[in-house]
Structure formats: structure tokens, C-alpha cells
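What follows is each chain in one-letter form.
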Amino acid sequence: MEPIHIRPLRSRGPLRNELPTGLAALDPLLARLYAARGITTANELVLDLKGMLPVGALHGVYPAVELLLKHREQRIVVIGDFDADGATSSALVVRCLRDFGFANIDYLVPNRFEYGYGLSAEIVRVAAQTSPALLVTVDNGISSVDGVAAAAALGIEVLITDHHLPGKTLPDAQAIVNPNAQTTSAERGTPGANLAGIGVAFYLMAALGKTLQDRGHSGAARIPARYLDLVALGTVADVVPLDHTNRILVTQGLLRIRSRQCVPGILALLSKAGRDPARTVSADLGFTVGPRLNAAGRLDDISVGIECLLADDPASAGRLATVLDGINSDRREIETGMREQAFAFVDAMSERGLPACVCVFDRSWHQGVVGLIAARVRERCHRPVIAFARDESGQFLKGSARSVPGVHIRDLLEAVATARPGIIDKFGGHAMAAGLSLKEQQFQQFSSTAAQQLTRLYPQADFSGALLTDGELPAASLTLPVARLLRDGGPWGAGFPEPVWQGDFAVLEQRTVGERHLKLRVRPLAGSSVLDAIAFNQAGPVFRGSVRLVYRLDVNEWRGVESPQLVVEQVSSLEHA
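What you see is a predicted model, and the numbers here were worked out from it, not measured in a lab.

Draft legend 1. Structural detail: the packing of aromatic side chains. By the definition in use, this model includes nine aromatic pairs. Plain terms: the ring middles of Phe-345 and Trp-365 are 5.8 Å apart, the flat faces sit at 35° to each other, and that makes the pair tilted. One end of the pair, Phe-345, is in helix H12 (residues 314-352); the other, Trp-365, is in the loop between strand S7 (358-361) and helix H13 (370-381), with 20 residues separating them in the sequence. Judged by relative accessible area, Phe-345 falls into the partly exposed class, the value being 29%. Cluster of aromatic residues (ring-pair linked, three or more members): Phe-361, Phe-388, Phe-443 and Phe-446. Here Arg-380 stacks its cationic end above the ring of Phe-343, 4.2 Å away from the centre of that ring.

Draft legend 2. Representation of helix H11 (residues 303-310) in the model. Along H11, seven of the eight residues are buried, which leaves the element largely enclosed by surrounding structure. Where H11 is concerned, the buried positions are Ser-303, Val-304, Gly-305, Ile-306, Cys-308, Leu-309 and Leu-310. Contacts made by the buried residues of H11 are with helix H3 (84-99), strand S3 (104-108), helix H7 (228-237), helix H9 (264-272), helix H10 (282-299) and H12.

Draft legend 3. Region of the structure containing the environment of Leu-23. Positionally, Leu-23 belongs in the loop between strand S1 (9-11) and helix H1 (28-36). Separated by 18 residues in the primary sequence, Leu-23 and Thr-41 place their C-alpha atoms 6.2 Å from one another. For Leu-23, the contacting residues outside a window of four places in its chain are Ala-31, Tyr-34, Ala-35, Ile-39, Thr-40, Thr-41, Ala-42 and Leu-45.

Draft legend 4. Molecular detail of the pairing of strand S17 (residues 561-573). Where strand S15 (residues 531-535) and S17 come together, three bridges link them in parallel fashion. Bridge pairing in S17 links Asp-532 to Gln-565. The pairing of strand S16 (residues 546-558) with S17 spans twelve bridges and is classified as antiparallel. Within S17, the residue paired with Asn-556 across the bridge is Ser-563.

Draft legend 5. Examining the pairing of strand S9 (residues 396-402) more closely. Within S9, five of the seven residues are buried, which leaves the element mostly enclosed by the surrounding structure. Pairing geometry for strand S8 (residues 385-390) and S9, over six bridges, is antiparallel. When the bridges of S9 are listed, Ile-386 appears paired with Ala-401. Where S8 folds back onto S9 in an antiparallel hairpin, the turn is made up of five residues, including Gly-394, whose phi is positive at roughly 80°. Here S9 pairs with strand S11 (residues 433-439) via seven bridges, running antiparallel. By the bridge assignment for S11, Ala-401 is matched with Ala-434.

Draft legend 6. Molecular detail of the state of the cysteines. Within this structure, the stated rule accounts for zero disulfides. Take Cys-262: it sits in no disulfide, and the sulfur closest to it among the cysteines is that of Cys-308, at 11 Å. Using a relative accessible area of 13% as the deciding quantity, one classes Cys-262 as buried. Here Cys-357 is not disulfide-linked; the sulfur of Cys-359 is the nearest cysteine sulfur, at 4.4 Å.

Definitions and limits used
- Residues numbered from 1 in each chain as written.
- Predicted model: local features only at pLDDT ≥ 70, side-chain atom pairs only at ≥ 80, totals over all residues.
- Heavy atoms only, no water.
- Phe/Tyr/Trp six-rings, centres within 6.5 Å; stacked < 30°, edge-to-face > 60°.
- Helix = DSSP H or I, 4+ residues; strand = E, 2+ residues; numbered from the N terminus.
- Buried < 20%, exposed > 50% of the residue type's maximum accessible area, 1.4 Å probe, protein only.
- Lys NZ or Arg CZ within 6 Å of the ring centre and 35° of its normal.
- Contact = heavy atoms within 4.5 Å.
- Pairing = 2+ DSSP bridges.
- Disulfide = S-S within 2.5 Å.

Following this line, the structure appears as C-alpha cells:
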């Protein structure tokens, strides 16, 4: 049984009585929550498409449109990435270009175990076998200097769409659309900087549709909006900050899913997860649909996920969703064993004192799952974590990094590469996640250098692991109407977190469900109502008397009946609180 780690609590921000005048007309509870998340005007809460960034806001988008139109009658191959952002981006661009009447569209995603990440020279040679005139990258390519050069040598033009940060040299592509391509660490925040890969791809397709319509193709401008369900899925799954534009994209995509005006693959994946499309929220995309797509890229071939999203026949989409669900089950089993080993490593480190950056590695680990292990270990030790596994050749380690707020993990890798030239073979990523490769014999030196550079760059980094809460919710507010209000007040996600509350309760009943989950019946100490509570993956401890809960107030639906439910992040006896 895993030890219980009681994390300190910290207020997300005061729920002020005095609110910005622009929020005065809202429900008082929601208005205070929005204000604590930096919302100051009612316009920031308008989530229709008119409020998003203008189509032409992204640098380079219209030259990219002209490059696409130049090749309209020739073969175009979309080069994707092997995660949910890459899969949805690939499906979006393929669907839109076909709907726009482009003559010959296909996609290719490098198998991560054979070719690695992005537009490598090797994957260019594979793509060249079908004689494309143009390669379009989605969610990758901004670091593919060698791949673009290889394409040029073969007479193939390249259009890069990406959102990752560039290296010191940009690839010599015919067009680049990446809101982060021209920015330094001191200049971040340009229009669209928070877009996921699919957000960048959507803007390109929207600009293409507008151009075609302006040139006489009636209805072309409306085509990309048909696939906002894909945009919502990729945006949430890639955990990019939900700024105003991203909240608009996610909201509009959720509306399409709830009305079943979405691709059959998303409906099939929701069905496999036991979710009702009409009740879909952003968390369903992030924690149920996204992982089933990601599992294919981690263990097998993401192409099965892309085919699921491209399927127009519900029966075909259902069969592919079943395959993805099976792969996800295999992923969970592999992850469980790796996680237990990683936790043992970290607990042993803790006895000596954890380094500022935790690096873990085992020769038996699966390279497709190390990103999940990095995330799980980060949750345990509350500091940046890099997990490594051997690649297929056995000569290099593939690492996946996950960070904490306030530590830009790609900048950290760049600092390591500068301090110890040659120690890292390749790296790339963004603030909260990154990937890299290095030789196994460099692991120890890399680990110590990463810890040293993190301490140098971020001497004030917060490793407390404090849970941010919105304070206490009055007992009178633990009701179904308030739960619905909070659910519908989103979309919630990265950078715009779902409300989390703390409160003291009496435990009336408890039991274990599904082997790992703790089911409770509780009553607030300051109230009389009795509520159900569920603490996922926290079964084991027995709680008596009074407890302090950190929780989200959610709507539970069982056999058509809705009721309020507490989804518990942390539970502790009051004597330990």
C-alpha cells in the first residue's frame, strides 16, 4: 500500500466581495471564481467564434495558404506526431483539404520506435516513395532542420505548422506557421502563443477556407468549423493553457460533441469510456478520450487513432475505438509496473534528499510510457521529473520531462546543453513538457547537471506541492444547482483550473470500489446534508470521525438521476490536517 502524502493547502486567490464591474451581472459565486482566475471583463467570458483571434493573426499564415493552393492538384502528405494533439491535427488537415477539393491528400506519422519524433530525414525518405510535391507538418517540424534539408534535396517543398519552441536555427521550409517560432523567452505571449498544434492547424485551415471563399468557392469558410470537436479534443489533451481563444475553441467543440455533430470516432471513444456525449465536459476529453488516442502512439502506431478520427462510418469508428481501448488497457498494465518501480526509486532518493530535478531510469522500461511515469512521479515529489528508457537500438536513452509551474523545462534542457556541450543528443518541447535523447553513459552526469542548472535558474522554485484551493464552500451550497453551475461555468483546464474546495466533514460510511477507489458518505460539520464522495486511487486507509477534504463539487448521474458528488483530491484526518 502506498503511503499517504498529505500536501499543504494554499489559497488560489481571495474570493473578493468587491468584483470587477464587468462581472457584476454574473452569479456571485462564478464571478468570484472568474476574478480569482484573472478575468476582469464580461467579454472574456463570451465564448462564441466571433471572440477568437482573427484568422490572419498568426504570422505566416497567408503565405502558407498560397503554398497549399500552389499544390492543390498535386500530392500532399501530412506528417503528424504520435500523440492526441498530432492525431487530431492530422485528421483535421486531411479532412479539411479533402473537403476543399484538394486532389491527392494522405498522411504519415513516424513510428516513434523506428524513426523518432518529427520530420526526420528518415521519414522524409519514406514519404518520398509516394512522390509528394508538398509535406505539411502538424504539431512538429520547427526543429526539423535536417528533415527539411532532406526534402529539399529530393525536390519536395515543406510547410511547417507547429507550436513548440524552436532551436537556434529555423528549418529552411517554404512556409512556417508557428506563433512561438519568432519569440525568445523574454518575448513570449505573441498572438496564438498558447495554441496547441491543432489550434495552429485550425487557424491555417480557417485562413485557407476564407481565401477560397473570397475567390468564389461558396461555403469554404465554414468547412473548418465542422471539425471543432477535433480542435477541442487536441487542445484539452495537450494541456495547453486555456486562454480566451482556447476556451472558445474548446467550448465550440464541446457544443458539437454534445449535439452529436462531430466525427463518429469521438462518439465511439466516448462510448468505450462509458461517457454520454450529451454531458461531455473538457475533463472527459482529457482523461478518457485523449488517453485512448495517446495509448496507440505510446505502444503501437498512432495511425489506428487517426483512422478512427477519419472514419465516417460509425461501425468502422466503433471497431477502431475497440482496438484503441484494448491498447489503452495494455498501457495501464505496463504503466502500473513502471510506476511502482519509479516510486521506489524516488522514495529511496527521499531518504538522502531529493535533487531539484528528479531523473529516473530503468533498463526494462517501455519508452512509450516514460512521459506518464514522469507525470506520476512529479505528482509524488512536486518537482520537475525526467523519466528515461532505452530506445530500440539500445544505444540511446529517450527521456520525457514534466515540469511544475514556474520552471520552464525546455529552457532548463537548453541550459544543460550549454553548460555541458554534447551531453544531450537532441531535445525539444515547451514550458511544462519536453523530450530528449542522450547516451546511457551520460545519464548520471546529465542528472547532476540538470539539478544544478535548475537551482541556478530557479532558486525560488516552489517544491512544496501545495494544493491550491478556492477556500471553503458553505454547506448550503453543496447542492445539485451549484454543482451544475460549476460544471457549466467552464470549460476548465490548464491555466483556468476547475474550482477546488476544502472543508471539514464527518465520515458516515466508507468502502472500497474497483479495488483502488475510496467511496464515502459524508456530512459537513457545519451542515446537515449527506453527500456521496469518491476519492480515486486512494483506497486503503480507514477514516473515522472527522476529516478534512480537498474536493471538486461535481454532478453524478446514475440511471438518469443526477445528484451532487464530491470528487476528492485529498482526504486527511482532522488531527493530521
